[in-house]
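Spelled out from the first residue to the last, the chains are:
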Amino acid sequence: MNKRISGLMNWIMRLSVWSLLIVFGVNLVFWALRIILKLLTRSHMSLTGELTNFVVNFGISIEIWGVILPLFIAYPLFKWGIQYGYSRWNIWLANTASLVIWIVVIWLAHLLKNVVDYQQMGLHHATDGLGWDLVAVIEGVLTLAAIGAGFALLNRRWKWIIGIGGPVLAFFILGSLIRLIFVTFDSQSLANFFAVLSFNWMGVLYGFLFIWACLMFGLIYLFFMRMQLRRD
Amino acid sequence: MHFEFDQSAPLYQQLADQLAEMIFTGIFKEGEQVPSTTQLSQELNMNPATILKGMNQLVDQHLLEKRRGRGMFVLPGAQKQLAHQHREAFYQDYVASLVTEAQRLGIDEEQLLALIKRGYQNGKA
Amino acid sequence: MEKLKVQTITKRYGRKVILDAVSFELQPAKIYGLLGRNGAGKSTLLNIITNRIFANQGAVMLGEQNVNNNQASLGQFYLMSEAELNLKHTKIKDLFSGAELAYGNFDFENARRMLTAFKISEDQTLAKLSTGLKTAAKLTVALNVNADYIFLDEPTLGLDANHRELFYHELMRTYGERPRTFVISTHLINEVQQLLENVIILDRGKIIVDEPVIDLLAKAYEISGPSNLVDQYTHGLKILTSHNFSRIKTVTVVEKLAEQRTLPDQVKVDHLDLQKTFTALTDGGNEGE
């Protein structure tokens, strides 16, 4: 790793840890309130039950943390970086390294949640679907990071336009595309097409996921290279 | 150290003049080192390039000399030279026009000298 | 240290041209004044040089290298401006550590001494400071960061007279101890006049002055006297401003006065200071009564 980006990584990690601690703290407070309430009403409690409950709730909070961080960090990171003469390349590099770290953290949180969840059902199920879980986290974080970086390029007015118009347009295009497919192709050729797909369904899925991840990664790079200090 | 600067002349010129005055009045003695460009720059909040230009002017007038690695020093005879310069300036600024004006009023040389003598006597009292 | 070359930088916002093929050179270890009226494009220019925004045309070179996305070059620049680039809870000591991590060799000792002089503590939150103290804190970083080209965009914003004097003093001090290039963009022209070696004036998107202050002021004059005599004396010269009061006409010119011009007794020729010279050059043909 570049010594040059240690300052950027320092800033990102401090922000990540602080926000995580806040999330942890909020969870702790609500969990403690629940415990107190249970004590006051003399409800049934068990140590493992309450701990499980805490870990599960924290896991949900980490999801939220994992959504918010990549979505909102691009422009603040950029602004902090240019203040100290960091090049866009190095800012992007630090951002990429952070994405990796966040993906791993989120995935480990899932693993922990699974372990706790499945404790009651048997440990050997805990590792089920962990690979797919990782894929989901990667796709999710990359997509959010791409959206976040893209929004960093827009001023306030365009943020609203894209933010609302974008999804609307996307649905419209998707819907039209689907209708177009069903109109242009007759049921036989469509059936053939899906047959071929399902024959190698996993391949298609892998392919799509890989292409999507690459697309998002590329967009993140593009957006960081075009980022500028905005006037608004 | 007290300096005054205004719009009357370029800054480096004013600086040179005021440094020369300090040499003339003996604040900086002959053979003594004057403050460095850097020191003056920080004391007066003035760009060193401006200060250097002013000091170089004094070097050109043979009032200061640059000693390599040591700094700027007042040359021996600087005071005498400045006294001569001041006398010359006095003649140009005051005496020449005094004589012209006297001639215009019809005062001859003898009468003018008598008037000057009176000026000195009045001054003493 | 290498020269910084700004080459035909053009910047448009929509159809408005802010910078029109702006070119100039910055030499190492000189103090420059970057002057211009409000909206002249000074901040835009500084942001382009430090790669914070992109120009539409042109390039910024440090030596032989293009500065764009070039860490080696950008690592030699530092821009101090009003822009708030930090998160709300940032403390002054965070600014110091950020500078140290990015540029190395941050002068902590001198920075702490300056903070004491400004009467601020490094534990204070930047966002909670008044405008003036915020500027003072940012200045403390700018004057102690290890970079060869320091750009100061409105470094006197909100500073009271005492702090301004302190700033000028600290600037001269650090410049003397470690000569490097400073580019100061400010409206307080007369206060900084004697700090500058060179001046660059930006007017309506173009560079109209780029020379040492001494040279510029050597040819900046205010000529006043009876109208007809003044007109006669200044015949053939470009009159920048003209003002009439009673029967006395006062004009300003910024060009060399030929030695042969005879000066009538009733005509006075005075030198202009940098601020008067600037306003004369950028007034855009103001006629006064």
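Nothing here was measured: the structure is a model prediction, and the numbers come from that model.

Participant: So what's going on with the domain arrangement of chain B? Which residues, and what values?
Facilitator: Many authors give the size of an interface as the accessible area that is lost as the parts come together. All names here are of chain B. Looking at chain B, the domain boundaries give domain 1 (11-76) and domain 2 (79-122). For domain 1 versus domain 2, the separation of C-alpha centres amounts to 32 Å. Contact residues are listed per partner, giving 10 residues for domain 1 and seven residues for domain 2. Taking both sides of the interface into account, the surface hidden between domain 1 and domain 2 amounts to around 690 Å²; carbon and sulfur atoms contribute 56%. Per-residue buried area on domain 1 facing domain 2 is highest for Phe-24, Glu-30 and Leu-63; these three make up 61% of the total on that side. Put simply, domain 1 and domain 2 have zero salt bridges between them. Seen at the junction of domain 1 and domain 2, the total is three residue pairs in polar contact (both at pLDDT 80 or more). Along the lines of polarity and charge, the residues of the side of domain 1 that touches domain 2 split into four nonpolar, four polar and two charged.

Participant: So, the interface of chain C and chain B: which residues are in play, and what are the values?
Facilitator: Taken together, the contact pairs 18 residues of chain C with 16 residues of chain B. By the criterion of area lost to chain B, the three top residues of chain C are Gln194(C), Ile214(C) and His271(C), representing 43% of everything that side buries. Linking chain C with chain B are zero salt bridges. Where chain C touches chain B, the interface holds four residue pairs in polar contact (both at pLDDT 80 or more). Looking at the side of chain C that touches chain B residue by residue, the classes come out as eight nonpolar, five polar and five charged.

Participant: Explain unusual backbone geometry residue by residue, including any values.
Facilitator: If a residue is not glycine, its phi is most likely negative; likewise, a peptide bond is most likely trans. In this structure, Asn45(B) is a non-glycine residue whose phi angle is positive, near 55°. Here Asn45(B) is to be found in the loop between helix H2 (37-44) and helix H3 (48-60).

Participant: Describe H3(B), naming the residues involved and giving the relevant values.
Facilitator: Here H3(B) spans 18 Å end to end across 13 residues, near enough to the 18 Å set by a 1.5 Å rise per residue. When H3(B) is considered as a whole, its buried residues turn out to be Pro48(B), Thr50(B), Ile51(B), Gly54(B), Met55(B), Gln57(B) and Leu58(B). Of the surrounding elements, those touching the buried residues of H3(B) are helix H1 (11-24), H2, strand S1 (64-67) and strand S2 (71-74) of chain B together with helix H6 (161-177) and helix H8 (213-218) of chain C. The opening residue of H3(B), the one whose side-chain oxygen lies 2.9 Å from the backbone nitrogen of Ala49(B), is Asn47(B).

Participant: An account of the packing of aromatic side chains is needed here, citing residue identities and associated values.
Facilitator: Scanning the model with the defined rule gives 22 aromatic pairs over all chains in all. Judged by centre distance (5.8 Å) and plane angle (25°), the rings of Trp11(A) and Trp80(A) are stacked. With a gap of 69 residues between them, Trp11(A) in helix H1 (residues 6-40) and Trp80(A) in helix H3 (residues 74-83) connect regions that are remote in the sequence. Aromatic ring contacts, followed pair by pair, group Trp11(A), Trp80(A), Tyr84(A) and Tyr86(A) into a single cluster. Geometry around Tyr13(C) places Arg231(A) over its ring, the cationic atom sitting 3.8 Å from the centre. Between Lys53(B) and the ring centre of Tyr12(B), over which it is positioned, the NZ or CZ distance is 4.8 Å.

Participant: Go over the nonpolar core, please, and point to the residues and values.
Facilitator: Of all hydrophobic cores here, the largest spans 125 residues; its most connected members are Leu4(C), Tyr78(C) and Phe151(C). Residue contributions to this core peak at nine residues, all from helix H4 (residues 88-119) of chain A. The two domains that each donate at least three residues to this core are domain 1 (4-215) and domain 2 (219-281) of chain C. Contact partners of Leu4(C), with chain neighbours within four places excluded, come to Phe24(C), Glu25(C), Leu26(C), Ile49(C), Val60(C), Met61(C), Leu62(C), Phe77(C), Tyr149(C) and Phe151(C). Judged by nonpolar contacts, the second largest core, of 22 residues, contains Ala20(B), Phe28(B), Val34(B) and Met55(B).

Participant: Give me the environment of Ile53(C): which residues, what numbers.
Facilitator: Residue and element names in this part refer to chain C. With respect to the helices, strands and loops of the structure, Ile-53 is situated in the loop between helix H1 (42-49) and strand S4 (57-62). Judged by its relative accessible area of 5%, Ile-53 is buried. Between the C-alpha atom of Ile-53 and that of Asp-148, which follows or precedes it by 95 residues, the distance is 21 Å.

Here is what the cut-offs are and how they apply
- Residues numbered from 1 in each chain as written.
- Chains lettered and ligands numbered in written order.
- Predicted model: local features only at pLDDT ≥ 70, side-chain atom pairs only at ≥ 80, totals over all residues.
- Heavy atoms only, no water.
- Domains from an automatic or database assignment.
- Contact = heavy atoms within 4.5 Å.
- Buried area = accessible area lost by both parts, 1.4 Å probe.
- Salt bridge = Lys/Arg side-chain N within 4 Å of Asp/Glu carboxyl O.
- Polar contact = N/O pair within 3.5 Å; in protein donor to acceptor, adjacent residues only side chain to side chain.
- Nonpolar A, V, L, I, M, F, W, Y, C, P; charged D, E, K, R; others polar.
- Helix = DSSP H or I, 4+ residues; strand = E, 2+ residues; numbered from the N terminus.
- Expected span 1.5 Å × (residues − 1).
- Buried < 20%, exposed > 50% of the residue type's maximum accessible area, 1.4 Å probe, protein only.
- Phe/Tyr/Trp six-rings, centres within 6.5 Å; stacked < 30°, edge-to-face > 60°.
- Lys NZ or Arg CZ within 6 Å of the ring centre and 35° of its normal.
- Core = buried A, V, L, I, M, F, W, Y, C linked by side-chain atoms within 4.5 Å.

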